[in-house]
Amino acid sequence: MQTTPATTAIMLARATARIGSPAIPALGAALKDAAPAVRRAAALALTMVGADAKPALPALRESLKDSTGMVRSMAATALGHIGPDAREDRAMSSYLADI
């Protein structure tokens, strides 16, 4: 079975999400990676971490402005999984108004 870079990024995101809170800084940094697949996978991992991903809120808010729609969408999903404060902040409201 051949894997694509996107598939590899998603597998790494899932594994990183299992680490939980200690992985948050690395995932926040990955949201700024040059490769859209890596940014999307980082947002996916933060979605899986859930409420413990609160330290990544600033990076996720910035990702709502990403040039790639799939990254923006996954960042919004991650914010929704973090909790009500993240769902109801100004960056999320602005993102939702634009879609």
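Now for a quick tour of the structure. Here the structure is a predicted model, which means the values were calculated and not measured. (Residues numbered from 1 in each chain as written. Predicted model: local features only at pLDDT ≥ 70, side-chain atom pairs only at ≥ 80, totals over all residues. Heavy atoms only, no water.)

Between its terminal C-alpha atoms helix α3 (residues 36-49) stretches 20 Å, which fits the 20 Å expected from 14 residues at 1.5 Å a residue. Those residues of α3 lying buried are Arg39, Ala41, Ala42, Ala43, Leu44, Ala45, Leu46, Thr47 and Val49. The inward-facing, buried residues of α3 contact α1 (5-19), α2 (24-30), α4 (57-63) and α5 (69-82). Directly after α3, the chain includes Gly50, whose backbone phi takes a positive value near 75°. (Helix = DSSP H or I, 4+ residues; strand = E, 2+ residues; numbered from the N terminus. Expected span 1.5 Å × (residues − 1). Buried < 20%, exposed > 50% of the residue type's maximum accessible area, 1.4 Å probe, protein only. Contact = heavy atoms within 4.5 Å.)

We now examine the pattern of salt bridges. Enumeration over the complete set of coordinates arrives at 2 salt bridges. In this structure, Arg39 and Asp66 form a salt bridge, with 2.7 Å as the shortest nitrogen-oxygen distance. In this pair, Arg39 is assigned in helix α3 and Asp66 in the loop between α4 and α5, connecting sequence segments 27 residues apart. Linking Lys65 and Glu62 is a salt bridge whose minimum nitrogen-to-oxygen distance equals 3.5 Å. The exposure class of Lys65 is exposed, given its relative accessible area of 62%. The exposure class assigned to Glu62 is partly exposed, which follows from its relative accessible area of 48%. (Salt bridge = Lys/Arg side-chain N within 4 Å of Asp/Glu carboxyl O.)

The next point concerns the packing of α3 against α5. One can describe the packing of α3 onto α5 by two numbers: an axis separation of 8 Å at closest approach and a directional angle of 15°. Overall, the two elements α3 and α5 adopt an arrangement that is roughly parallel. Read as a crossing pair, α3 and α5 show a hand that is left-handed. Two secondary-structure elements touch here, α3 through Pro36, Arg39, Arg40, Ala43, Leu44, Leu46 and Thr47 and α5 through Met70, Val71, Met74, Ala75, Thr77, Ala78 and His81. (Axes fitted to C-alpha atoms, helices over the stretch in contact; angles between N-to-C directions. Parallel < 35°, antiparallel > 145°, perpendicular 65-115°, else oblique. Left-handed = near helix turned anticlockwise from the far one by under 90°.)

Attention now moves to the packing of α1 against α3. For the pair α1 and α3, the least separation of the axes is 8 Å and the interaxial angle reads 30°. Taken together, the axis directions place α1 and α3 in an arrangement best described as roughly parallel. The way α1 lies across α3 gives a crossing that is right-handed. Seen from α1, the contacting residues are Ala6, Ala9, Ile10, Ala13, Arg14 and Ala17; seen from α3, they are Ala37, Val38, Arg40, Ala41, Leu44, Ala45, Met48 and Val49. By residue class, the composition of the contact of α1 with α3 is 12 nonpolar, no polar and 2 charged. (Nonpolar A, V, L, I, M, F, W, Y, C, P; charged D, E, K, R; others polar.)

Okay, the nonpolar core next. Residues Ile24, Leu27, Leu31, Leu46, Ala53 and Leu60 are the most contacted members of the largest nonpolar core, which totals 27 residues. A per-element tally of this core places α3 first, with 7 residues. Not counting chain neighbours up to four residues away, the residues in contact with Leu31 comprise Arg39, Ala42, Ala43, Leu46, Ala59, Leu60 and Ser63. (Core = buried A, V, L, I, M, F, W, Y, C linked by side-chain atoms within 4.5 Å.)

Over its 14 residues, α5 extends 20 Å from the first C-alpha to the last, a length consistent with the 20 Å expected when each residue adds 1.5 Å. Buried within α5 we find Val71, Met74, Ala75, Ala76, Ala78, Leu79 and Ile82. Looking one or two places after α5, you find Gly83, whose phi comes out positive at around 145°.

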